Amino acid sequence: MSIAVVTDSTAYLSHEQYDLYNIYSVPLSCIVQNEVYKEEIDITSEEFFLKVREMEKLPTSSQPTVGDFTALYEELGKQYDAIISIHLSSGISGTYQNAVSVSQAVEHVAIYPYDSELAAAGQAFQVIEAAKLAQKGATVEEILKKLDQVKEATELYFVVDDLTNLVKGGRLSRAAGSVATLLSIKPVLTFVDGLIVPFDKIRTKKKALRKIETLLEKSVRSSEYPIQATVVHAFSEQEGLEFKEKMEAEFPTVEFNLSFLGPVIGVHTGEGAVGMTWTIKTNDE
């Protein structure tokens, strides 16, 4: 059985990763000053964040349309027997639900939508794992089982400079956001059951990143498998790179990568967000 792996643009994979693992994607969009841009197609992260600096009104984001999904699924149905479609957490976006709706309407190919319950590099771990297994000839059932395993093992933590966008966009509760703003703290945020929630309240960004480091250390010590990790940043590449280099020195057994938060996630985190996500590297890789 030939299996296509689909994701959306919020996995923020590189062009090399799309090509190497034969991954397909549907883009989400950001709306900037009444103009709609498909991220990584019509606008780059750099262009987006530079525009936002000059704006008074916050930009917004929108999920792929039913038409976007239908066109891609029907095209892939000409080449593949099945499609596994892995998407941004349903707790913060309707993207997954649109994939589910279209999967029920397209008849000539079996489609398996999968809720990553994460975003960005955390979502990317699942996408790349599925694509590797599809290339090796794994069955749909085998891939879905491994996705559950990877999801269960994934941790994702990040720090933002300003919680305003997350609260206004409804991705973080107003109560959690207002407390953090009043106290001028830098909360460590995480995903729980697909929702963004505060993990710990910390005064400075430096201490918040140190907290994330201690969480990684705990995982490295307790995991029976090797760990792979990705540092992410929102238009703060130098800060992200420095954090990654520090982690590489501290954890020589962990494989580290650097990724970014593009326009759609950046709408909510704002510029300057930094975080890290990690999961297991299984023995069959």
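Residues numbered from 1 in each chain as written. Predicted model: local features only at pLDDT ≥ 70, side-chain atom pairs only at ≥ 80, totals over all residues. Heavy atoms only, no water.

Undergrad: Could you give me a rundown of the overall build of the chain, with the residues and numbers involved?
TA: When you go through the chain residue by residue, the secondary structure sums to eleven helices and 13 strands. The C-alpha atoms of the chain give a radius of gyration of 18 Å, which matches the 19 Å a tight globule of 285 residues would have. Projecting the C-alpha coordinates of the chain onto the three principal axes gives extents of approximately 55 × 50 × 30 Å. Classification of the 285 residues of the chain by burial places 53% in the buried group. Counting only contacts in the chain whose residues sit at least 6 apart along the sequence, the fraction spanning at least 24 positions is 75%. (Helix = DSSP H or I, 4+ residues; strand = E, 2+ residues; numbered from the N terminus. Rg over C-alpha atoms; globule rule 2.2 N^0.38 Å. Buried < 20%, exposed > 50% of the residue type's maximum accessible area, 1.4 Å probe, protein only. Contact = heavy atoms within 4.5 Å.)

Undergrad: So what's going on with the sheet that holds strand 2 (residues 23–26)? Which residues, and what values?
TA: Spatially, four strands are ordered 2-1-6-7 in an open sheet, and the strand pairing comes out parallel. The open sheet terminates on both sides in strands that have one partner only, identified here as strand 2 and strand 7 (110–115). Geometrically, the sheet is characterised by an average inter-axis angle of 25 degrees between neighbouring strands, direction not taken into account. Bridge analysis of strand 6 (residues 82–87) against strand 7 gives six bridges, and the strand direction is parallel. Looking at strand 7, one finds that Ile83 is bridged to Ile111. Here helix 4 (residues 95–105) sits on the sheet and contacts strand 1 (3–8), strand 6 and strand 7; the angle it forms with strand 7, its principal contact strand, is near 165 degrees. Taken strand by strand, helix 5 (residues 120–135) contacts strand 1, strand 2, strand 6 and strand 7, and its axis lies near 165 degrees from that of strand 1. (Pairing = 2+ DSSP bridges. Axes fitted to C-alpha atoms, helices over the stretch in contact; angles between N-to-C directions.)

Undergrad: Got a sec to walk through the nonpolar core? Specific residues and values, please.
TA: Among the nonpolar cores identified, the biggest contains 28 residues, and Cys30, Phe48, Phe158, Phe191 and Leu261 are the most heavily contacted of them. At three residues, the largest contribution of residues to this core is made by helix 11 (residues 263–269). Apart from the residues lying within four places of it in its own chain, the contact partners of Phe48 are Cys30, Val32, Ile43, Pro59, Pro263, Gly266 and Val267. Ranked by size, the runner-up nonpolar core spans 22 residues in total, among them Ala82, Ile84, Tyr114 and Ala134. (Core = buried A, V, L, I, M, F, W, Y, C linked by side-chain atoms within 4.5 Å.)

Undergrad: A description of the pairing of strand 8 (residues 155–159) should follow, citing residues and the corresponding values.
TA: Across the five residues that make up strand 8, a large majority, four, are buried. Sheet topology places strand 8 next to strand 13 (residues 274–280); five bridges connect them, and they run antiparallel. Bridge pairing links Val159 to Val274 in strand 13. Relative to strand 9 (residues 188–192), strand 8 runs antiparallel, the two being bridged by three bridges. Across the sheet, residue Tyr157 finds its bridge partner in strand 9, namely Thr190.

No statement about biological role is implied by the geometric values presented.
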